[in-house]
Structures are given as structure tokens and as C-alpha cells.
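The lines below spell out each chain.
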Amino acid sequence: MEDFLQQLNENQRNAVLYNEGPSLVIAGAGSGKTRVLTYKIAYLLKNGISPYNILALTFTNKAAREMKSRIAAIVDENIARRLWMGTFHSIFSRILRREAENFAYQSDFTIYDAQDSRNLIKAIIKEKELDDKIYKPSVIQSRISLVKNALITPEKYEKDRELIGDDHFHRKGRTHEIYSAYWNRCRASGVMDFDDLLLYTCLLFEEKPEILERYRNQFRFILVDEYQDTNSVQHEIVCQLAAEHHRVCVVGDDAQSIYSFRGANIGNILNFRKTYPESKLFKLEQNYRSTQTIVDAANSLIKKNKEQIPKTVFSKNDVGEKIRILSAYSDYEEGYNVASRIAEMRMLHQYDYNDFAILYRTNAQSRIFEEALRKINIPYRIYGGLSFYQRKEVKDVIAYMRLITNLNDEEAFKRIINYPARGIGDTTLSKIIGAATFQGVSLWKVLSNPLDYNLNINTGTAKKLEAFQLLISRFAEANVLQNAYELGSEIVRKTGLINELYADRTPEGLSRVQNVEELVGSLYEFVTNRLEEGRPDVKLGDFLAEISLLTDQDIDKDEHASRVTMMTVHSAKGLEFKNVFVVGLEENLFPSELSKNSAKEIEEERRLFYVAITRAEKNVILTYAKSRFRNGQPQMCSPSRFIKDIDRDYLCLPGNLAFDRLDKPVFGSTHNHTSFHSPQKTVQESLNTNSQKLLPIKEKQPTVEQVQSIGSLSVGNTIRHERFGLGKIVELTGENENAKASVVFESFGRKQLLLKFAKFEVIKYD
DNA sequence: GGCCGGGGCATTTTT
DNA sequence: TGCCCCGGCC
């Protein structure tokens, strides 16, 4: 046990060993924060604390998963599995489902994603006949989200003079009405949005002290990662749970707080020591990730911010290269520069494509880099597009599943009542919604008793409604008996959904079919996995509960494939790459022009830039363009002020550019847009471009070998699974459709894979 | 009910 | 520029 403690430096070790009271671990970028958290939990477990008594909260599923598997490597896997470790949302939804009856929800409530909740808000605005130019759904949505995260219910909102006054000032005096309607509609539909998962937990603990007491007793040790990005509700829940024993350890870095626009409250970490005056402070200041130059440059940058916890991050790694700055005339040239620089560095220093990341401020910037990389055949992977579960065809199937598990789900209902088309149009739907809203009941209720609600419809329509009602009722009954996979595949067939998709033979249509098939496949995998864990009765509701909290980042993109990574700086938080290109470093882009209103927002942008730079181990390359197409218009740009915020000792400026000219826009170069381009496309290149476009949506699908026959596999083979990573086959059973392999994975233990669906490649035949 | 075209509009988003 | 939404038309 002692030897894993030996792997820590003194501060890290002290942080791990102190568990008697509250502690704040300020962890500079790359200082081994995850290591401290995992070792701390391992240490507690080794000292006989039950995993059941430890609550560990993270911000991403990925972080939780990784930490769990690291802990499993130190202690017994079966112990690690029983930890209460996960995202705030997943842990608290688990608690809410368990306690649902205490606040008039059903335990299988569904969760609205951002799109569902915006649609509902939009519908409400329309019903109230408000102008959606003034009451912009997306703006209202984020306002509702912000107030929920500040623990303000509609009741409180209405009494809050400041909020109401603010709304009137912005001529949005009826915002509180929308909020209230939205709140009630969610309740009537038996659904929660992401914010509700936190808010209801908090309210539940507040209103039912006996329930809170139970969880207080259970969670004797509380650990929170990324504390700088917690919002007020999250902070409050942690306080509720820790109020008696104060054994709470929060880890974070105030310099990396970048989510205040979503309600994250940097004050949570800055004021932690006021909340817990007796708390101990541990600072992790040695950066193990980056070169000295990168760390020093990042320090010189972040020094420009006023509000922060003093610390001195340092590196004992090599001094390393200076930070390069590449200027380009146009955004096209910027793309080309980056692409060719990647090719060059790869050749000169034997880097893998995986060693490069391109980080940008906005998703819209990705396209130009895609094109540039594609042109010279550099493989890439983009994060932040539509995730699998957000695709229309997938959402449609899921809407059926949702309606079946929760008949009151309004958005699911609206989505599928006429899909596939069954002759129930907007007029009829409006009548149903009208009646439901008027009576304060769910759409399903009206559908089931059309006569009671005086729906003014003709017999033809009534028949169609009845048929739909029957279809769903049948499924709902089947849901009691059938498992998720059986019912799921039935839904896809019996609704005519797959036929509809199948009729479209275009490549896009084909990929839609594939996506639906993949969804059904994942149902199968889900059911078999659960079966393996000894849980035979897996229902659709279980599946929904799991997937509704997944994101783009959780869906495996074959991280072993050799590809350049492209993503926004926000989503790069927590990751590291050997070489990082931070692109589009221009005023009004990075920092964003919308952040320029206040010094506070500029500071957040600066932290964002700090995060970007500190992702790099070896090289940072900053690029900017002097002109760029934005909103269809060419625009002059000047280099970002942030470049000047870095001490020039660490910079390598482009030869043609004196430092003091950095802030002056360069005029007269718009025409350069086309003049620069790389050579004309060859036929081959055009073909490549086209075929890339035509590829199915799963374009970034790895080229994993789909092993169909059991023949090519044998016991002892080492495989790499898309999700579970490396593992060894220990058993093969069944044949054809039912062929299965038992595999012991390095970090996930033994799993049964159904060869029909499993995605893996054989690494080593033994 | 589905398709087309014009107009309006563009941050970041761990869940 | 490109996406999304709506209205008009078949």
C-alpha cells in the first residue's frame, strides 16, 4: 500500500493523507490532480472505508470512468465498482429516482435534453402569443437555466424584484410567466431537464431532512473534482451533505474556471475557506505535463487577471521550444499553414497524428481546418458536432421509447404522433395541446379520452388518433414483460419507422438506417452487459436513464486511431496533447466580441486561453489571420490582445512582424483570399473530397475490423475494443448470431461480447 | 404532408 | 457562408 504513496510528491501526498476535515486542493494545470483524487480514494478504501460511504463527483462521465478504472487497478475491482462516483447529474438522478415518490414524480421520469426543453419553451411562447423576436427561446432557455442554477423556483422568481425589474427593463416582462408555465408543463409531463436534476435534489434535501440525514450518514467522505466550475446548486448540495462531518475535499483550479456563462460560480472555490474556516489548503504547483517555456508563458498570461488564488506553477521538464506565432492573410491561409506545419513537424520529429490538436474558440472555425487537412490527407477527428443521440432518426426512435416508459412525456409525444406520417396534422395536434393545457393534463390523457375533452375532430381523425393510442398502449403493456432490446427492435419495425428510412436509398438515407440499427445494437449490448452483471430484467427505462446523460465525449471515437484532434478550447479542458495549435487568435474572436462588455468576461476569456496553452506538452503554436470570412462577410482582424499578454521572452514572432505592430490591423489584404491557395485540386483529390462528403454520418467511424465469424478468433487473442480497450479472449461460445466471446479487459474486467455487435480489432493472434 | 426558397441569424455548453 | 425556420405551393 505504501508504494503507491511513494509515487506522489510531498504536497500531493499530504493532500491524499488528510481526510479528517475539509480540504481545498488547488491544482495547477498538469499538476497531477486526477492522481491525487484517485490515490486519495484508493487510500480511503485501503484503510477499510466502505466504497458505499464515499461520494466522488466529477463533471464528465469520462472523468468518472477513468478514475474508476484507475482505482480498480489499485484496489479490488469489485470494490471500486461500488463507489458512488459519477457526474453530479448521474449521481443525483439516481438519488431522485430512488426518492421520486417523495416529491410526486415517478421513478422513471424522463430527462429532457437541451433541444427538448427549448422546443417546449418555444411552444409556450407561441401559445402565449408572444413575439419570439423579443422572447427568443434560446435566450429564455438560458435565463431559466441560470435562475434554476441559482436555486430560484418560479415562486421565488415572481417575488424577486430585481429579476422582475430586469425583465421589464429589457421589455421581457412576461418571462416569469414562461418560466412558470415551463415548470408546470415539465411536472405535468413527468420530465426533468438537466438543471432540474440538481435543483430537485437540493429542494428534496431542504424539504425532507430525514432523507438528507440518510445520505449524510451514507456519504461520510465527499470529494469533488473541478470545483471551480460548480454552480450554486451544486455547491449547496455539497454543503448540505457535508454539513455535519465536514469531510469534504474539493479539487480545482481557479485559473481554469471557464463556465461562468453557464452559471458556474468561481466564488465557490474562492470562498471555500470562508465556508469552512478550519479547512486545510494544499497547493499542487509542479506541472508534470509541459515544458518550462509553456508553463512560464502561461503564468505570465494569467498574471494579468486580478481575481485569483496566488500560486506559482513551475515545471522541471526541459525548457523546450518557444511559443510560435503564425500570422496569415486569410482564414484559408491559416488553415493551410496549420495543416502544412503539422505535416512538417510530423516528418521532422516522428510525431503521430494523435500528438496534435487544433483548438479554436468557436465550432464554426472547424470547417476551414477540415478542408485544409483533407487536402493534404491528414486524418482528423472532430469533437462537438451532433452527437449520436442527437441525430434526428435516433431521437425519433428514442422518442417512442420515452413515450412508452412515460406516457406523459410531451415532447416525445409531439415528436412522433405523426412520424411516420399517419395523417394527424398540426391542426389536430393543436387541439389536443389546447385541451391539455386548458385542463392542466398531459397530451396522452387527452388522447386517451378524446370525448371527455370535447376535441372538435371528425371521425376520420378520431380513428387515426385511436390507432396511435392503441399502438403506444400495446407497447407500454409489452414493456412490462419484454426486455429493452426485444421491445426496442419491435418498435423500430411495428411503427413502420425502419421501412420509412429504408425507402430512402441515398447515402444519407442509408446512414440513417445504419444509425437506427446501431441504436438497436447498443440496446442489445446494454441488455447483455446488464445480464452479465446479474441483472436480468432490463427495461427500456433503464436504457433511457443511462443514455440521457451521455454526451458526444462519451461516445467512443476510437482514441487509438491516429488522427489530429479538433475541438473547442472548452471541450479540451482536462486533456493533453504533445503539440497544440490555438487558432483564430484575433480580437473579437478570441476574446469573443460578446465578452468585451466587462472586465470579468475578459478575464474568463483569458482563463480560457490559459486552458488552451496548458494543454500542450511540447509545443504551442498560436495563429491568427488578418482577414476572415465571418457571417458571409470578409472582415479585417487584428491580433488578439492575449498574444501581448504573454511575456515576449517566451514567444517566437514571425519574422515579418515586429512585436509593437501586433495590435495594428493590417489593411489591404482582403484580395489575398484566393491568391494564396495551394495548387489546383487534382482529380484524385476531388474524388477524395467527394467521397468524404458522401461517407455516412459515422464518417469518423474507425476502421476497426468487424469480426463476423468465430472462425478467425481463438481463445488467447488480444483484442482492442472500441469502448473497453485492451483485453484477452478467454472463452468463445455459441455460433453465428449468438456467437459470444468472454474477454478480460485491462481496465473493465471480464465482459461478454456478442460478436454480432461488438466492435473491436484483433491486436495479437496468439 | 412534403418540398422548395427566401429571410434572418450567427459564442463557448462537462450534464 | 451555411443553417434553420417559416410560409407558400403543390
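What comes next concerns the included structure. This is a predicted model, so every value here is computed, not measured.

Per the secondary structure count, chain A includes 33 helices and 23 strands. Relative to its 766 residues, chain A shows a buried fraction of 55%. Across chain A, the fraction of contacts at a sequence separation of at least 24, relative to all contacts at a separation of at least 6, is 75%. Of the roughly 34500 Å² of accessible surface on chain A, 48% is carried by carbon and sulfur atoms.

Below, the discussion takes up the protein's contact with DNA strand B. Lining the immediate environment of DNA strand B, one finds 32 residues, of which Tyr-259, Arg-361, Thr-551, Thr-568 and Ser-595 sit closest. For DNA strand B, the fraction of protein-proximal atoms (within 4 Å) that sit in sugar or phosphate groups is 47%. At a separation of 2.6 Å, a phosphate oxygen of DNA strand B approaches a polar side-chain atom of Thr-568. Partitioning the surface near DNA strand B into residue classes produces eight nonpolar, 16 polar and eight charged.

Attention shifts here to helix H13 (residues 209–218). Among the residues of H13, Ile-211, Leu-212, Tyr-215, Arg-216 and Gln-218 are the ones counted as buried. Buried residues along H13 cover an arc of 165° about the axis, so they all sit on one side. Within H13, the exposed residues directed more than 90 degrees away from the buried face are Pro-209 and Glu-210.

Note that Lys-539 resides in the loop between helix H27 (507–532) and helix H28 (540–547). With relative accessibility at 16%, the residue Lys-539 sits in the buried group. Leave out the neighbours within four places in its chain, and Lys-539 touches Asn-479, Val-480, Leu-481, Gln-482, Asn-483 and Ala-484.

It is worth spelling out unusual backbone geometry at this point. Working note: non-glycine residues mostly have negative phi, and peptide bonds are mostly trans. Here the amide bond leading from Tyr-419 into Pro-420 is cis, since omega sits at -5°, within 30 degrees of zero. Mapped onto the elements of the fold, Pro-420 is located in the loop between helix H21 (410–416) and helix H22 (426–439). The omega torsion across Phe-590 and Pro-591 is 10°, close enough to zero to call that bond cis. Among the structural elements, Pro-591 can be located in the loop between strand S15 (577–582) and helix H30 (599–613).

Before going further, it helps to spend a moment on the protein's contact with DNA strand C. Taken together, Lys-122, Arg-367, Asn-631 and Gly-632 make up all the residues around DNA strand C. Of all DNA strand C atoms lying within 4 Å of any protein atom, the proportion belonging to sugar or phosphate reaches 25%. Between a base oxygen of DNA strand C and a main-chain N or O atom of Asn-631, the distance comes to 3.2 Å. Gly-632 is positioned with one of its backbone polar atoms (N or O) 3.4 Å from a base nitrogen of DNA strand C. Taken together, the residues of the surface near DNA strand C sort by class into no nonpolar, two polar and two charged.

Turning our eyes to something else, we now look at the packing of aromatic side chains. This model, assessed by the stated rule, comprises 26 aromatic pairs. A ring pair is formed by Trp-183 and Tyr-200, whose centres lie 5.5 Å apart and whose planes are at 40°; its orientation type is tilted. Of this pair, Trp-183 sits in helix H11 (residues 175–189) while Tyr-200 sits in helix H12 (residues 194–207), and the two are 17 residues apart along the sequence. Owing to a relative accessible area of 13%, Trp-183 belongs among the buried residues under this scheme. Each ring, one from Tyr-259 and one from Phe-261, has its centre 5.8 Å from the other, and the planes form 35°; the classification is tilted. We classify Tyr-259 as partly exposed; its relative accessible area is 21%. Here a set of aromatic residues connected by ring pairs shows up, and it is made of Phe-103, Tyr-105, Phe-109, Tyr-157, Tyr-179, Trp-183 and Tyr-200. A cation sits over an aromatic face here: Lys-392 above Tyr-419, 4.2 Å from the ring centre. The ring of Tyr-329 carries Lys-626 above its face, with NZ or CZ at 4.6 Å from the centroid.

Position of Asp-318 among the secondary structure elements: in the loop between strand S10 (314–315) and strand S11 (323–330). Along the primary structure Asp-318 and Gln-292 are separated by 26 residues, whereas in three dimensions their C-alpha atoms are 6.2 Å apart. The contact partners of Asp-318, leaving out residues within four places of it in the chain, are Thr-291 and Gln-292.

Below, the discussion takes up the pairing of strand S2 (residues 54–58). Counting buried residues along S2, five of its five residues qualify, which places the element largely inside the surrounding structure. Sheet analysis places S2 next to strand S6 (residues 221–224), joined by four bridges and oriented parallel. Following the sheet pairing, Ala-56 is matched in S6 by Leu-223. Relative to strand S3 (residues 84–87), S2 is paired through four bridges, and the arrangement is parallel. Paired with Leu-57 across the strands is Gly-86, a residue of S3.

Ranked by internal contacts, the top residues of the largest apolar core, which has 67 residues, are Phe-92, Ile-222 and Leu-241. In terms of residue count, the dominant contributor to this core is H12 (eight residues). Residues in contact with Phe-92, not counting those within four places in the same chain, are Leu-57, Leu-197, Leu-198, Thr-201, Ile-237 and Leu-241. Counting residues in each nonpolar core, the second largest holds 51 residues, with Val-397, Ala-399, Ala-484 and Val-527 among its members.

For the rest of this paragraph, the subject is the packing of H12 against H13. Here H12 crosses H13 at 110°, and the two axes come no closer than 5 Å. Classified by the angle their axes make, H12 and H13 are roughly perpendicular. Across the interface between the two elements, Leu-204, Phe-205, Glu-206 and Glu-207 from H12 touch Pro-209, Ile-211, Leu-212 and Tyr-215 from H13. Looking at side-chain class alone, the contact of H12 with H13 contains six nonpolar, no polar and two charged residues.

Per the counting criterion, the structure on display carries 39 salt bridges. Here Glu-226 makes a salt bridge to Lys-573, at a shortest N to O gap of 3.6 Å. On the criterion of sequence distance, the pair formed by Glu-226 in the loop between S6 and helix H14 (232–242) and Lys-573 in the loop between helix H29 (569–572) and S15 is long-range, its members being 347 residues apart. The exposure class assigned to Glu-226 is buried, which follows from its relative accessible area of 12%. Residues Lys-311 and Asp-254 are paired through a salt bridge, measuring 3.0 Å at the closest nitrogen-oxygen approach. Highlighted residues: Lys-311 in the loop between helix H17 (292–302) and S10 and Asp-254 in the loop between strand S7 (248–252) and helix H15 (267–270), separated in sequence by 57 residues. Classification of Asp-254 by relative accessible area gives buried; the value is 1%. Beyond isolated ion pairs, a larger network of salt bridges with shared partners links Lys-33, Asp-225, Glu-226, Asp-229 and Lys-573.

Cut-offs used in this document
Residues numbered from 1 in each chain as written. Chains lettered and ligands numbered in written order. Predicted model: local features only at pLDDT ≥ 70, side-chain atom pairs only at ≥ 80, totals over all residues. Heavy atoms only, no water. Helix = DSSP H or I, 4+ residues; strand = E, 2+ residues; numbered from the N terminus. Buried < 20%, exposed > 50% of the residue type's maximum accessible area, 1.4 Å probe, protein only. Contact = heavy atoms within 4.5 Å. Areas by Shrake-Rupley, 256 points an atom, 1.4 Å probe, with all protein chains shown as cover. Near = heavy atom within 4 Å. Polar contact = N/O pair within 3.5 Å; in protein donor to acceptor, adjacent residues only side chain to side chain. Nonpolar A, V, L, I, M, F, W, Y, C, P; charged D, E, K, R; others polar. Arc of directions from axis to C-beta. Phe/Tyr/Trp six-rings, centres within 6.5 Å; stacked < 30°, edge-to-face > 60°. Lys NZ or Arg CZ within 6 Å of the ring centre and 35° of its normal. Pairing = 2+ DSSP bridges. Core = buried A, V, L, I, M, F, W, Y, C linked by side-chain atoms within 4.5 Å. Axes fitted to C-alpha atoms, helices over the stretch in contact; angles between N-to-C directions. Parallel < 35°, antiparallel > 145°, perpendicular 65-115°, else oblique. Salt bridge = Lys/Arg side-chain N within 4 Å of Asp/Glu carboxyl O.

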